[in-house]
Amino acid sequence: MRQFHIRVRANSGIRGRRQPCDSLLPMWYTVSMLAKLHTFSLLGIDALPVEVEVDVSPGALPKTLLVGLPEQAVKESTHRIERAMVNSGFVRPADRVVINLAPAELPKSAGSFDLPIAVGILAGSGQFKSELLDRYAIVGELALDGSTRPVKGALSMAMAAAFGGAGPRVGESLRDSHSRLGETRPRVRGIIVPSLNASEAAVVEGLEVIAVDSLSQTIAFLAGSLDIEATPSRLDQLFQELAHYEEDFADVRGQEMAKRAVTIAAAGSHNLLMVGPPGSGKTMLAKRVPSILPVLSAEESVETTRIYSAVGRLPAGQPLLARRPFRAPHHTISNAGLVGGGSTPTPGEISLAHNGVLFLDELPEFNRQTLEVLRQPLEDGHVTISRALNSTTFPANFVLIASLNPCPCGYRNDPRRECHCNIPQIERYMAKISGPLLDRIDLHIEVPAVPFKELSAASNGTTSTMMRDQVMAARAIQEARFLNSKTRQNAQMATREIRQFCKLDDAGTNLLRSSIQEMGLSARAHDKILRVARTIADLDGSANIRPEHLNEAVNYRMLDRQFWS
């Protein structure tokens, strides 16, 4: 960082502007004309490096100019920053101050620039000197009294600082990102963040995270008059404290066939649709699916946490998500609310469900157009939001669990209640869900009403622990199968992998051929059946797909059989 110094002496031939508090300053003072700092701007869930340049021009008319494509929230921050400096005991420069946020073409739209701008103004006006401005990135919002407030996306910013301003791409693991970036050294050795963001940023190992409570504390640290220890990473402790579920499948009475289908869905990451009358336990089953999925790995946890961090949805006192997310949006949700959007794209519910479960209750009640936007994310595992100035990609790798009633009144085929719906009414009701969307759901099952005998039984049914053990055994087989591939679960198999790993004998081929012809299944449904059959064989510990595995997979295509006829 290049600095220019001007020494102004009393009664000298050089005219210098008197500051409002010249009486508190020595007879001569040094003004640093230019200060440069590192910070980050959040774009979607990614943090992009920004350089804050502050130029203070003595002798010019007092004015503060902010350039570099700042949006309204950033423009308004200059008034807040000036009062924060004065209320913290510093001097507001009575000079021309030009603040540039580079690169100029990148939109800046958050309060996280308050702290770096304030530090830059104080450094540029010569109110403190520091050799640490090049070594630390600075983020944080300021209150009028100079205290710091938390910002969104602190985890993404810490990751960008650790990776030298180029964090992992969407769908890229931290290990792959390390390989892509090679041995590139970080631009900074640490990051200064508000205290309430420190635990979140400290999730990134190998980066010094300095927690500050105020502007004064930040200046004292940078000037070398205050030592602040780096916030330690507590990954292991956080997982031990937070990685447990309150829900258990033991709470669900009966529904053993439905539990079997849920186990298959969890084992292979298959999408599941449940059809049944009101009160049959569809929602209870869906809420307990995360409890049988494998424990979040550290990489999966960081991937999911940075999404919640970017939208400010992290629970208080929980800097890391150690449980798989479960999202259940209301059926009145908009397209942008479900998949993401806005003038500045933000993640939607499908991204908040990344590495977890998205539950759509009463599927036909959702707007059909809203449901149709799910088709591409269900296939690709991510969603891209395009705008005039940029496009943003959000991760969306989730298990879809949906439920619906068998008819408008909800009691079709229910022996306890009479249904008054006729076939045309049922067809119109089911037509709210398009065929292409149903094609993308691997398993369709019926969840009948639970009889009193099972409801009043003293013994518990299949528990989450028992189901998780089966899921983990099947996942271990899949991990070995896809060891050198980007595929992780059976549901993600491409056509070439289906041909390689889902070979059938003659009996299985004849069974599949007759099922396809009788049910009129599409090519996508054909592949779905083979993927599900592969998962069933894995749960059975079988290296080959046998006819009974294939037969069970075909029976999970309930809606293709037009069950209402």
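Cut-off values and rules
Residues numbered from 1 in each chain as written. Predicted model: local features only at pLDDT ≥ 70, side-chain atom pairs only at ≥ 80, totals over all residues. Heavy atoms only, no water. Helix = DSSP H or I, 4+ residues; strand = E, 2+ residues; numbered from the N terminus. Contact = heavy atoms within 4.5 Å. Salt bridge = Lys/Arg side-chain N within 4 Å of Asp/Glu carboxyl O. Buried < 20%, exposed > 50% of the residue type's maximum accessible area, 1.4 Å probe, protein only. Pairing = 2+ DSSP bridges. pLDDT = per-residue confidence, 0-100. Axes fitted to C-alpha atoms, helices over the stretch in contact; angles between N-to-C directions. Parallel < 35°, antiparallel > 145°, perpendicular 65-115°, else oblique. Left-handed = near helix turned anticlockwise from the far one by under 90°. Nonpolar A, V, L, I, M, F, W, Y, C, P; charged D, E, K, R; others polar. Phe/Tyr/Trp six-rings, centres within 6.5 Å; stacked < 30°, edge-to-face > 60°. Lys NZ or Arg CZ within 6 Å of the ring centre and 35° of its normal. Core = buried A, V, L, I, M, F, W, Y, C linked by side-chain atoms within 4.5 Å.

Trainee: Before we go on, may I ask you to explain the environment of G268 in this structure?
Mentor: Inspection of the secondary structure assignment puts G268 in helix 9 (residues 256-268). For G268 and Q489, which are 221 residues apart along the polypeptide, the C-alpha to C-alpha distance reads 5.3 Å. For G268, the residues in contact, after removing those within four places along its chain, are Q478, Q489, N490, A491 and T535.

Trainee: Sorry if this is basic, but what is going on with the pattern of salt bridges here?
Mentor: A side chain with one charge can pair with a side chain of the opposite charge if their charged atoms come near. Under the counting rule described, the total for this entry stands at 21 salt bridges. A salt bridge links R92 to E82, with the nearest nitrogen and oxygen atoms 3.2 Å apart. Taken together, the residues R92 in the loop between helix 2 (77-87) and strand 6 (96-102) and E82 in helix 2 connect sequence positions ten residues apart. Using a relative accessible area of 15% as the deciding quantity, one classes E82 as buried. Residues R557 and D439 are paired through a salt bridge, measuring 3.9 Å at the closest nitrogen-oxygen approach. Here R557, found in the segment after helix 23 (547-555), pairs with D439, found in helix 17 (residues 435-439); they are 118 residues apart in sequence, far enough to count as distant. Owing to a relative accessible area of 0%, R557 belongs among the buried residues under this scheme. When its relative accessible area of 12% is taken as the criterion, D439 is described as buried. Each of E379, D439, R440, R524 and R557 takes part in a single network of salt bridges with overlapping partners.

Trainee: Please explain the sheet that holds strand 20 (residues 443-446) as it appears in this structure.
Mentor: Sheets are built from strands paired through backbone hydrogen bonds, the pairs being either parallel or antiparallel. Pairing is parallel in the open sheet, where five strands are placed in the order 13-16-19-12-20. On the outer flanks of this sheet lie strand 13 (326-327) and strand 20, each paired with one strand and no other. Across four bridges, strand 12 (residues 272-275) lies against strand 20 in parallel orientation. In the sheet register, V275 faces strand 20, and the bridge partner there is E446.

Trainee: Explain the confidence of the model for the chain to me, please; I cannot follow it from the model alone.
Mentor: Fine structural detail should not be taken from predicted coordinates in areas where pLDDT scores are low. On average, residues of the chain score 87 in pLDDT, and 89% of them are at 70 or above. Below pLDDT 50 for its whole length, residues 1-32 participates in 54 contacts with residues either more than four positions away or in separate chains. Across residues 177-185 the pLDDT falls below 50, and counting only partners more than four positions away or on other chains, this stretch makes eleven contacts in the model.

Trainee: I keep staring at the packing of helix 22 (residues 523-539) against helix 23 and nothing clicks. Help me out?
Mentor: If you want to describe how two helices pack, look at the angle between their axes and the distance between the axes. Two numbers describe how helix 22 lies on helix 23: the axes approach to 8 Å, and their chain directions differ by 125°. Taken as axis vectors, helix 22 and helix 23 run oblique relative to one another. The way helix 22 lies across helix 23 gives a crossing that is right-handed. On helix 23, the residues touching I529, L530, V532, A533, I536 and A537 of helix 22 are H549, L550, E552, A553 and V554. In terms of residue class, the contact of helix 22 with helix 23 is built from nine nonpolar, one polar and one charged.

Trainee: Just checking my understanding: could you explain helix 23 for this structure?
Mentor: Residue pairs spaced three or four apart in an α-helix point in one direction, given the helix's 3.6 residues per turn. Within helix 23, the full set of buried residues consists of H549, L550, E552, A553 and V554. In this structure, the buried side of helix 23 is in contact with helix 9, helix 21 (506-519) and helix 22.

Trainee: Would you take a moment to explain the packing of aromatic side chains for this structure?
Mentor: How two aromatic rings sit relative to each other is set out by the distance from centre to centre and by the angle between their planes. Within this structure, the stated rule accounts for three aromatic pairs. Geometrically, the ring pair formed by F482 and F501 is edge-to-face, given 5.6 Å between the ring centres and 90° between the ring planes. With F482 in the loop between helix 19 (464-481) and helix 20 (495-501) and F501 in helix 20, this pair connects stretches of sequence that are 19 residues apart. For R417, the ring lying beneath its charged end belongs to Y411, and the centroid distance is 4.2 Å.

Trainee: Looking at this model, I keep getting lost on the side chain of K259. Mind explaining?
Mentor: Note on placement: K259 falls in helix 9. With near-sequence residues (within four places) excluded, K259 lies in contact with F249, V252, G254, L285, G461, T462 and M467.

Trainee: Mind showing me how you'd approach the packing of helix 9 against helix 19 here?
Mentor: Contact pair helix 9 / helix 19: the axes reach a minimum separation of 8 Å and the direction vectors enclose 35°. Seen from above, helix 9 lies across helix 19 with right-handed handedness. On helix 19, the residues that touch K259, V262, T263, A266, A267 and G268 of helix 9 are M467, Q470, V471, A474, R475 and Q478.

Trainee: Can you walk me through the nonpolar core in this structure?
Mentor: Nonpolar side chains in soluble globular proteins tend to end up buried together. In this structure, I191, L273, I350, L360, L374 and F398 are the most contacted members of the largest nonpolar core, which totals 71 residues. The leading source of residues in this core is helix 4 (residues 154-162), at six residues. Other than its neighbours up to four places away in sequence, L360 contacts P329, F366, L371, L374, L400, I401, A402 and S403. Of all hydrophobic cores here, the second largest spans 47 residues; its members include A266, M274, A525 and I536.

Trainee: Would you mind showing me how to read unusual backbone geometry here?
Mentor: For residues besides glycine, phi is generally negative; the peptide bonds are generally trans as well. With an omega dihedral of 5°, the bond running from A102 to P103 counts as a cis peptide bond. Take P103: it is sitting in the loop between strand 6 and helix 3 (114-124). The backbone phi angle of Q255 is positive, close to 55°, even though this residue is not glycine. Assignment of secondary structure puts Q255 in the loop between helix 8 (235-242) and helix 9. Judged by relative accessible area, Q255 falls into the buried class, the value being 9%. Here the phi dihedral of E362 falls at roughly 55°; this positive angle occurs in a residue that is not glycine. Within the secondary structure layout, E362 lies in the loop between strand 16 (357-360) and helix 14 (368-372). Overall, the relative accessible area of 23% leaves E362 in the partly exposed class.

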